[in-house]
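Structural overview for review
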Amino acid sequence: MATSAMEQPKSDTVARLREILYDTFVKLNPQIMLHNPVMFVVEVGTVVTLWLTLTAHNASSREYDGLVTAILFITVVFATFAEAYAESRGRAQAEFLRRSRASARARLLKSDGSWDWVEGETLRHGMRIRIEAGDTVAGDGVVLEGVAAMDESAITGESASVIKAPGDSVTGGTVLLSDQLVVEITTDPGETFLDRMIALVEGAARQKTPNEIALSALLGVLTLIFVLVVVTLGPIARYYGAHTVDTTTLVALLVCLIPTTIGALLSAIGIAGMNRVAKINVVAKSGRAVEASGDIDTLILDKTGTITIGNRMATEFLPVPGVTVKTLAEASWMASLADTTPEGRSVVELAESILQEESLREPVGEAVPFSAHTRMSGIDLIDGRRIRKGAVDAIVHLVDQPPPALRETADGVARDGSTPLAVAIDHQALGIIRLKDIVKSGLKERFAEFRAMGIRTVMATGDNRITAQVIAAEAGVDDVLAEVNPEGKLALIQQEQGEGKLVAMTGDGTNDAPALAQADVGLAMNIGTMAAKEAGNMVDLESNPTKLLDVIEVGKQLLITRGALTTFSIANDVAKYFAIVPAMFASVPILRGLSALNIMGLKTPHGAILSALIFNALIIPALIPFAVKGVRYRPQSADRLLLRNIFNWGFLGVIIPFIGIWGIDRVLGLFGLA
Amino acid sequence: MSVSTVATWVVVIGGLLLLCKPVGIYLYRVFTFQPTLLDRPMKPLENVIFRVLHVTRESNMSAVEYGVAFVLTNMVWGIMAYTLLRIQGILPFNPEHFGNLNARLSFNTAASFVTNTNWQAYSGENTMSYFSQFAVLQFLQFVTPASGAAAGLAFVRGLSGRKLGNFFVDLTLVLTRVLLPLAVIFGLGFVALGVPDTLAPYLHVHTLAGQTQVVPRGPIAGWEAIEHLGQNGGGFTNANSANPLENPSALTNILQSIAMGLVPVAFFYMFGLFTGKKRLAWTLIAVAGTLFFVMLAMIYFPEAAGNPIINALGLSGHANMVGKEVRFGMGGTSIFETSTMAFTTGSVASAHDSFLPIPSMAFFLGMFLNMVFGGKGVGLLNMLMFVILTIFLMGLMVGRTPEFLGKKIEAKEVSLTAVAFLLHPLLILVGSALAVATPAGIAGVFNPGPHGLSEILYGFTSAAANNGSAMAGLGASLPFYEIALGIVVILGRYASIMAMLLVGESLLRKKAVPQTSGTMRTDTPLFWGILLGSIVILNALTFFPIMALGPLAEHYLLMAHHLFT
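The numbering scheme is per chain: residues are counted from 1 as the chain's sequence reads. The naming scheme follows written order: chains are lettered A onward, ligands numbered 1 onward. Owing to the predicted nature of the model, reporting of local features is limited to residues with pLDDT of at least 70; listing and counting of side-chain atom pairs is limited to 80 or more, with chain, interface and lining totals taken over all residues.

Linking buried Ala, Val, Leu, Ile, Met, Phe, Trp, Tyr and Cys residues through C-beta atoms within 7 Å yields a set, and such a set is a nonpolar core. In this scheme every C-beta is placed from the backbone, and a residue whose C-beta has 20 or more other C-beta atoms within 10 Å is buried, one with 12 or fewer is exposed, and one in between is partly exposed. Ala 82, Leu 265 and Leu 613 of chain A together with Met 295 of chain B are the most contacted members of the largest nonpolar core, which has 339 residues in total. No other element matches the 20 residues that helix α22 (residues 547-584) of chain A contributes to this core. Placing a C-beta atom from the backbone of each residue, one calls two residues in contact when those atoms lie within 7 Å. For Leu 265 of chain A, the contacting residues outside a window of four places in its chain are Ala 82, Leu 565, Ile 620, Leu 623, Ile 624 and Ala 627 of chain A. In terms of nonpolar packing, the next biggest core, distinct from the first, is built from 31 residues, Ile 387, Leu 406, Ile 433 and Leu 435 of chain A among them. Elements are defined by DSSP. Helices are runs of H or I of four residues or more, strands are runs of E of two residues or more, and each kind is numbered from the N terminus.

The following block contains the structure:
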């Protein structure tokens, strides 16, 4: 996503920076700030110390008050900057796309095959357009005709071009590099990927997700507790005399204690989470759905094709008695040379890996293409031999005396969940090629990771039981339901939900719509029907069902990042107390013993307080990368995850500020401020 | 450490650990209405009570109904107590002819006893008739802990997915099945060990020095039993369990320590049985137990090492025995005081005012936390409040919406829990600030320096925690304190219980999510560490400044051999 932004001309970068800065200051408006109680308190504190600065009686306290005011102001600015920056990351791309769409015109096909230029906004669902090399695609749609290379970098940030063939979806804003396509538009204006993404990015700042609301409530109460602690500390400290503590220091203590780190970054985390979803080319209709995906207990994969590479591959030659593997392989090789389907190519590859390549001579003859009628393909060699491969039944009809072993082998292959393909020369059956569904690489490991995280994967497929079970076993899916109709899928989801589980599922067909709507997270494929896309709460533009796994990771990362920064924020307070409490009472003789708490050896009381405040401010921009990219996440069990994060954010959250505040105090010392 | 110290600790702590399981099982059976040993004698009595109250064992209430029943019942008892104290002079069983109590003291006493605080702005032997002692105060010592336990029960039921139950049924059963039988056993035990129990007038004795001394006595043994079993803590006499007639020997001292912890610890185990998660219960017992040991160490070691200023003068043996009873020694005193602060009883076997600053911080710790087992039911409620807060704060780090016992913790639960957490510091800090900032409050301070401030803080902390112990030295009988502390005890008791009842009901309504390996586990050593850490940090962040101004400042002055003249 960042790529496209970076590829923009330099003037755009400047403009974007200016926009971020503008937003940063607009967000300082107290009315806007009010939605973030933590930072609102800091803003109020800034006003209080500013007033104290202006009314200070002597130069030294004016300098101190002024410095505190400046640091508080910077703290607030850092917070609004973090939010503005996160928003701009999503918006930069959205704006870019919005511009490219605005200029896009489309060649609208008429019924007679000719076309007219029309404006992109006038395109409606069902219209057909023609796209030629160099055109910017004017709307989302599905390729009907043609094969062409597409530059999708504007959306995906990937510079490599993508080949589009019939059935593939194209996305508005992308650019056609070669050839031409006929595309059927699948969305009405306002519903395109672009529109949804803009809505999501812009909506993220306003609409809080359930967990965000809960966390905000807790942060609000924590802030209230610290306000209470600091406001009552004034009167209680007066026990030792009227001038025990000054108000500026109390404000400084308050700002250090309230969870400013998470308060400043909370909305940036949410916005960045939505951006990460958009980055993997998934359009989420709400932030709630993304967050819910972190809680998924059961993953329902809607068909075998979801987890296999989609093409069956030849994996074994099984000759009938009396025929060698070599003979069968050679015949299969010759019969498949002209076959350009993935299955045909896989037969050629398998044969070549078995046979010595030098011994293979290019056959001379006429290729016989596959036809639905014969259910065979092959080659008629110039020496008169006719080699055929095809459905077992068809070959059985073809040969004179089918050996019983042929049928037995074929049945055995079918029982294993593979597809048998018979091969014959003239009227003699040679044997069977085993065609097998191959599980996508890496998926098995991924399912294992998800199992460790407590997510159960269930394959609910309309395929026959044997095929489904074999694929399921190979992929390491936990459970499989074969020969299920759409109602069955719906019932399965309801059953899981009845047990209190959160269910995610993928689907593309219209008959999947009820199940997609019932699931807590329904990921519809972009190539799927409108009904499916309407029913789901997310759409994957690349129509890759395993994308659900990525979405789940984004959801989890979102929650982890919030938890980590909250924990860090609170853990930080320990060191701040050790800096500020001894310093704030240093002027009271009877309390001087408290300087024993100054374990960091901070030089002067004012220096100590300023150091703590500066650390408190600087930690915000320092953590922006974590807020925006998310805390590193590896799928593993909750206990291991917790242990690691508690160490990184809880334990180190206590330690780091001691070092940081000590370091800042040394630096201040160089400038004579400490 | 002497052999007797170790032996005393082992007997008390070992006894509590051994008893928590059988007593927990017994409590579980009683409150799930399964047959127990006491069915035969108690059931007919209970049936009569239930018939009068128009309830059955199966009756149920919503959280609001339960809370309202709890508060209203307490209010009726409070008004009753107030009235009876105001007209004490005309009531029977008053051999010493004590007069009516004034309005302020009656309010303070009624509020304090009805909230299970038992803060005493009076000295019993010079103020209360026998009637007031046993019919008013001792009555409240039975029913108020029972109502606190009932609230805890309702919350536990909610968490375990059961209906909350009926307040009046729970209240009755806590009394008939738990407090009354135990009080009979312990009361007889105390009588056997030399605690008086009589309605005869005070003794007038001629001392060896040839003078006449009045020895106050009365129905003390029964009082001692329920005072400790109910974590009440109000003494029959002013000296409380330091008085040899209330707590005559090392043995009664051990028995009273055990009596305080018996039901609160068993309540934790009972929680495990209700929820079917015994490992979770043991984890929570381990967390509270760890804090108990921390308090014990903070009290014992500095006291045993003695006052550095006096040690430097070479004046005495090492231990700081000021304000302590020789018959208990440092071992017996430290375990009794740890128990009374941990279980929020508030009875004392020594003068809290004369403890060194670090041990007094242990007293504060017990009251700030209010969940080192705490009072029965209420302590568990506070522990679970911290569990919920911790799970929400840390639980996000496993990448799931935080859940406890399979129930998702969302905005409503977090807000209510956080508010319950907020109330405690609110009362302590605002109360103390008012006391320091107003002449009426400052007038009660008789000690100079940080110790005087500690006394104010102690008063409000004790009231907010419904503990009831006092650091003597504060003018607690001044109008300001009688009224302010009276208000604090009431708010401290009811507001947070109400909030937690609503949390319990809200969780009850949620559908349980099955546990997977993706769920944060709450029954592991890791969770023990996390819970302990977050309890310590959350409380330290809230109370560190006032601790720095009070006991910590005093500690450093002591280390610097600073004297106040």
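Before going further, it helps to examine the sheet that holds strand β6 (residues 162-164) of chain A. All names here are of chain A. Two strands pair under a simple rule: DSSP has to find at least two bridges between them. Taken together, the 3 strands give an open sheet; going across it, the order is β6-β5-β8, and neighbouring strands pair in antiparallel fashion. With partners counted over all chains shown, the strands left at the sheet margins are β6 and β8 (175-176), one partner each. Across 3 bridges, strand β5 (residues 148-151) lies against β6 in antiparallel orientation. Bridged to Ala 149 within β6 is Ile 163.

Residue and element names in this part refer to chain A. Spatial ordering of the open sheet is given by β10-β22-β21-β20-β11-β18-β19, a layout of 7 strands whose pairing is mixed. Strand pairing shows two members of the sheet lacking a second neighbour, β10 (282-284) and β19 (479-481), which therefore form its edges. On average, each strand axis in the sheet is tilted by 20 degrees relative to the strand beside it, whichever way the strands run. Sheet topology places β10 next to strand β22 (residues 538-540); 3 bridges connect them, and they run antiparallel. Bridging from a neighbouring strand, Ala 284 pairs with Met 538 of β22. Only the contacting stretch of a helix is used when fitting its axis, a line to C-alpha atoms as for every element, and angles between N-to-C directions run 0 to 180 degrees.

Turning next to the interface of chain A and chain B. Counting residues at the interface gives 58 residues for chain A and 54 residues for chain B. Contributions of two or more residues to the side of chain A that touches chain B are made by α8 (210-237), α22 and α24 (638-670) of chain A. Within the side of chain A that touches chain B, the residues separate by chemical class into 37 nonpolar, 12 polar and 9 charged. Each residue is assigned to one of three groups, with Ala, Val, Leu, Ile, Met, Phe, Trp, Tyr, Cys and Pro labelled nonpolar, Asp, Glu, Lys and Arg labelled charged, and all others, Gly among them, labelled polar.

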